[in-house]
Amino acid sequence: MIRAAADIVRRNLQARFGIPRTVAGLETRWALFGLGKFGGVAMGYASDIEVLFVYSDSGHTDGPEVVENSEYFDNFVRLLAEVVKAKREGIFHVDTRLRPYGAGGPMACSLESFCRYYGPGGPAHAYERLALARLRTVGGDPALGAQVERLRDEFVYSVRHVNIHELRDLRARQLSEKAAPDRYNAKFSPGALVDLEYDVQILQVTHGGQSPRLRTPRIHEALSALSELGVLTPDESRRLATAYYFLRQLINGLRMLRGSARDLFLPPEGSDEFAHLARRMGYQRGGELEPEQQLRVDFETHTAVVRAFMEHHFGRDSMPGQAVGNVADLVLSETVPPDLRSRILIKAGFRDTERANVNLRKLAGAAQQELFARLAVLACDFLRRAADPDMALNNWERFARSLPDAPGTPGTPGTPGSPAHFQLLLSQPRRLEILMGIFSASQFLADTLIRNPDFFDWVTNSTILHAERPREVIESDLRAFVSGCTRADQPNGLRRFFTIGPGGSFHPACPGMGLGKRRRRQHTGTANIGKQFLHSGFRQIRWRRVEL
């Protein structure tokens with residue numbers, strides 16, 4: 001599209017001014033470059049088309065109207081921006097602001113001006129040099145395009161020419177101007193898209209002198225090259241690539257939802273707009289989690305991944321503005337400030353924040369951080385509605401330690417259990433919710449499950465938990481139970497029957513479990529047990545008194 005528009009403009013200008021030529025009479029070469037998302041081959045819905053225009057020589061045109069080359073190419077860029085128009089305001093536009101000297105400079109840049117501005121000792125801001133990491137030839141003379149790209153490599157891929165402090169100051173200004181303290185901006189808030197892009201580009205510039213593969217405008221290629229060079233681990237590279245595509249999808253969804261490229265603030269959780277955004281991004285109904293729950297888990301996990309990346313490579317001070325975070329940050333980061341950690345855990349419903357943090361760290365383990373970060377966000381969402389979040393988290397950590405590390409191998413105290421447990425809960429969130437309900441509501445049931453972890457599959461099977469037991473089955477169980485009870489054990493034994501079935505297994509109709517069942521079913525199960533106890537128990541043995 002840009003090349004076609006440039007060809008239309010060139011023909012119109014040449015009909016009026018002729019061909020621009022050098023002082024020696026040769027035809028002046030020109031090249032058009034993409035920057036930003038356009039240069040990085042990462043255009044999204046309503047992305048601006050950022051361009052830089054460079055011509056080779058001074059001189060003048062040879063047509064009916066003779067003008068200087070500088071004027072000719074200024075007209076070229078201005079008309080190009082007018083030819084490419086969106087039908088709706090705020091969707092996208094051709095953006096030429098990244099040229100030398102910005103709005104105060106000429107629309108088109110001579111090769112000499114390019115070298116003077118971006119070269120050693122030139123006045124270019126660190127951000128402008130960093131932006132050249134996404135420079136890519138998109139039109140015009142290929143030889144001039146290749147020459148400018150070689151000059152870019154020389155000017156940019158040397159750490160002494162990129163001032164990190166200037167970049168941090170700019171990032172802080174962006175945050176104050178484009179974000180809000182009580183709302184999250186998907187592009188400019190801490191851990192959002194700009195932080196990921198800036199810091200990957202900084203790593204490119206820092207290490208680009210060692211590896212030509214890092215001199216690429218495509219961020220996924222840069223992440224792969226950083227991994228090959230050993231700057232990022234393969235897992236870190238993969239996590240950042242996933243976070244990058246999520247954040248781009250989030251921004252696309254916001255723009256489509258609102259019909260504008262400018263408003264990138266997330267809607268409030270629980271609002272209709274948040275639910276619409278989740279569906280717009282492709283999250284589907286029909287699973288164990290609603291689309292908005294899926295979006296929330298992904299959002300909190302991916303932004304925490306970006307913040308952990310920044311902290312690891314540049315220090316926590318590199319993050320702009322007030323410290324922010326969520327439960328995933330506590331799992332992925334080693335240096336969350338104590339005051340922020342307390343705020344996060346209090347918001348999640350915990351009273352003993354120190355103990356909760358210890359439980360989370362033990363559950364995560366050294367090798368399970370990424371998996372557990374996502375699971376922790378989901379678990380804390382359930383625990384906000386639980387009776388006792390502190391008790392639930394502590395019981396969960398104890399239960400994880402009781403699991404085998406591998407088939408047939410007992411768990412080692414103080415270490416997390418099998419990764420399969422966390423993977424199962426993440427893939428079946430309903431089981432996680434049931435488990436948190438048990439661990440939060442009854443210490444007796446939690447202790448029983450911890451002592452007998454093989455009960456886990458049975459007790460978290462929602463089909464079993466929600467099934468109403470037929471009267472005949474309850475009567476048969478009660479007869480078998482009563483016939484095996486001694487008189488001394490009758491009172492306590494009967495209480496256990498309401499929570500523990502014959503053989504020591506959890507009883508699915510027990511009224512204390514709840515676990516998301518409808519209240520009517522709880523009452524039905526309790527009533528059936530009561531009826532059969534009166535009908536069968538008293539008839540078979542003559543108890544004078546049973547204490548319930």
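Residues numbered from 1 in each chain as written. Predicted model: local features only at pLDDT ≥ 70, side-chain atom pairs only at ≥ 80, totals over all residues. Heavy atoms only, no water.

Peer 1: Go over the confidence of the model for the protein chain with me, naming the residues and quoting the values.
Peer 2: When pLDDT is averaged across the protein chain, the result is 83; 82% of the residues are at 70 or more. Within the model, the stretch residues 406-416 combines pLDDT values under 50 with 19 contacts to residues more than four positions away or in other chains. Every residue in residues 502-548 is under pLDDT 50, and counting partners more than four places away or in other chains gives 93 contacts. (pLDDT = per-residue confidence, 0-100. Contact = heavy atoms within 4.5 Å.)

Peer 1: Describe in detail the packing of helix α7 (residues 164-178) against helix α8 (residues 193-207), supporting the description with residues and values.
Peer 2: One way to put it is that α7 packs onto α8 with a least axis distance of 12 Å and a crossing angle of 170°. Regarding the angle of α7 to α8, the classification is roughly antiparallel. Between α7 and α8, the residues in contact are I164, L167, R168, L170, R171 and Q174 and V194, D195, Y198, D199 and I202, respectively. Partitioned by chemical class, the residues of the contact of α7 with α8 number 6 nonpolar, 1 polar and 4 charged. (Axes fitted to C-alpha atoms, helices over the stretch in contact; angles between N-to-C directions. Helix = DSSP H or I, 4+ residues; strand = E, 2+ residues; numbered from the N terminus. Parallel < 35°, antiparallel > 145°, perpendicular 65-115°, else oblique. Nonpolar A, V, L, I, M, F, W, Y, C, P; charged D, E, K, R; others polar.)

Peer 1: Can you tell me about helix α14 (residues 338-347), naming the residues and giving the values?
Peer 2: When we look at burial in α14, the residues that qualify are L340, R341, I344 and L345. In a view along the axis of α14, the buried residues occupy a sector of 130°, so they form one face of it. Away from its buried face by more than 90 degrees, α14 exposes P338, I346 and K347. Buried residues belonging to α14 abut α13 (327-332) and α15 (353-364). Directly beyond the C-terminal end of α14, a positive phi value near 100° is found at G349. (Buried < 20%, exposed > 50% of the residue type's maximum accessible area, 1.4 Å probe, protein only. Arc of directions from axis to C-beta.)

Peer 1: Kindly report on the side chain of E128, identifying the contributing residues and their values.
Peer 2: Relative to the helices and strands, E128 is located in helix α5 (residues 126-131). For E128, which is buried and forms no salt bridge, the nearest opposite charge comes from R129, at a distance of 7.3 Å. Within the structure, the side chain of E128 is placed 2.7 Å from the side chain of Y117, a separation counted as a polar contact. Setting aside chain neighbours within four positions, we find E128 in contact with R99, Y101, Y117 and Y118. (Lys, Arg positive; Asp, Glu negative; His and termini not counted. Salt bridge = Lys/Arg side-chain N within 4 Å of Asp/Glu carboxyl O. Polar contact = N/O pair within 3.5 Å; in protein donor to acceptor, adjacent residues only side chain to side chain.)

Peer 1: Lay out the nonpolar core with the relevant residues and their values.
Peer 2: Ranked by size, the top nonpolar core spans 90 residues in total, and within it L250, L295, F372, W396, L432 and F439 carry the most contacts. With 11 residues, helix α16 (residues 369-383) is the single largest residue contributor to this core. Contacts of L250, omitting those with residues within four sequence positions, involve A186, L266, L277, M281, L295 and F299. Listed in part, the 28 residues of the second largest apolar core include V54, A126, L135 and V162. (Core = buried A, V, L, I, M, F, W, Y, C linked by side-chain atoms within 4.5 Å.)

Peer 1: An account of the pattern of salt bridges is needed here, citing residue identities and associated values.
Peer 2: Taken as a whole, this structure holds 34 salt bridges when the rule is applied. Among the ionic pairs, R361 bridges to E334, the shortest N-O distance being 3.1 Å. Note that R361 is positioned in helix α15 and E334 in the loop between α13 and α14, a separation of 27 residues in sequence. By relative accessible area, E334 is classed as exposed at 58%. Residue R431 pairs with D457 through a salt bridge whose shortest N-O separation is 3.5 Å. Highlighted residues: R431 in helix α19 (residues 429-441) and D457 in helix α21 (residues 456-459), separated in sequence by 26 residues. The exposure class of R431 is buried, given its relative accessible area of 13%.

Peer 1: Can you explain the packing of aromatic side chains? Please cite residues and give values.
Peer 2: A complete count under the given rule lists 21 aromatic pairs for this structure. With a centroid separation of 5.5 Å and an interplanar angle of 40°, the aromatic rings of F53 and F73 are classed as tilted. Taken together, the positions of F53 in strand β3 (residues 49-55) and F73 in helix α3 (residues 69-83) put the pair 20 residues apart, joining distant regions of the chain. On the basis of relative accessibility, which here comes to 2%, the residue F53 falls in the buried class. F73 sits in the buried class, given a relative accessible area of 0%. Pairwise contacts between aromatic rings join F17, W30, F53, Y55, Y72, F73 and F76 into one cluster. (Phe/Tyr/Trp six-rings, centres within 6.5 Å; stacked < 30°, edge-to-face > 60°.)

Peer 1: Explain the side chain of S227 to me, and be specific about the residues and the numbers.
Peer 2: With respect to the element layout, S227 can be found in helix α9 (residues 219-229). For S227, the residues in contact, after removing those within four places along its chain, are L232, T233, P234 and S237.

Peer 1: Please provide a residue-by-residue account of the pairing of β3, values included.
Peer 2: Summarising burial for β3: 7 of the 7 residues are buried, a large majority. Here β3 shows no split at all, with I49, V51, F53 and Y55 on one side and E50, L52 and V54 on the other all buried. Across 6 bridges, the pairing between strand β2 (residues 30-35) and β3 is antiparallel. Across the sheet, A31 pairs through a bridge with V54, a residue of β3. Alignment of β3 against strand β5 (residues 94-95), held across 2 bridges, turns out to be parallel. Of the residues in β5, the one forming a bridge with I49 is V94. As judged from the 2 bridges shared by β3 and strand β6 (residues 109-110), these two strands associate in the parallel manner. In the strand pairing of β6, V54 is matched with C109. (Pairing = 2+ DSSP bridges.)

Peer 1: Let's hear about the packing of helix α17 (residues 389-402) against helix α20 (residues 443-451): which residues, and what values?
Peer 2: Close contact between α17 and α20 brings their axes to 9 Å; oriented N to C, the two are set at 15°. In this view, α17 runs roughly parallel relative to α20, as classed from their interaxial angle. Of the two possible hands of crossing, α17 and α20 adopt the one that is right-handed. Packed against α17, whose contacting residues are M391, N395, R398, F399 and S402, the element α20 presents Q443, A446, D447, L449 and I450 at the interface. Residue composition of the contact of α17 with α20, grouped by class: 5 nonpolar, 3 polar and 2 charged. (Left-handed = near helix turned anticlockwise from the far one by under 90°.)

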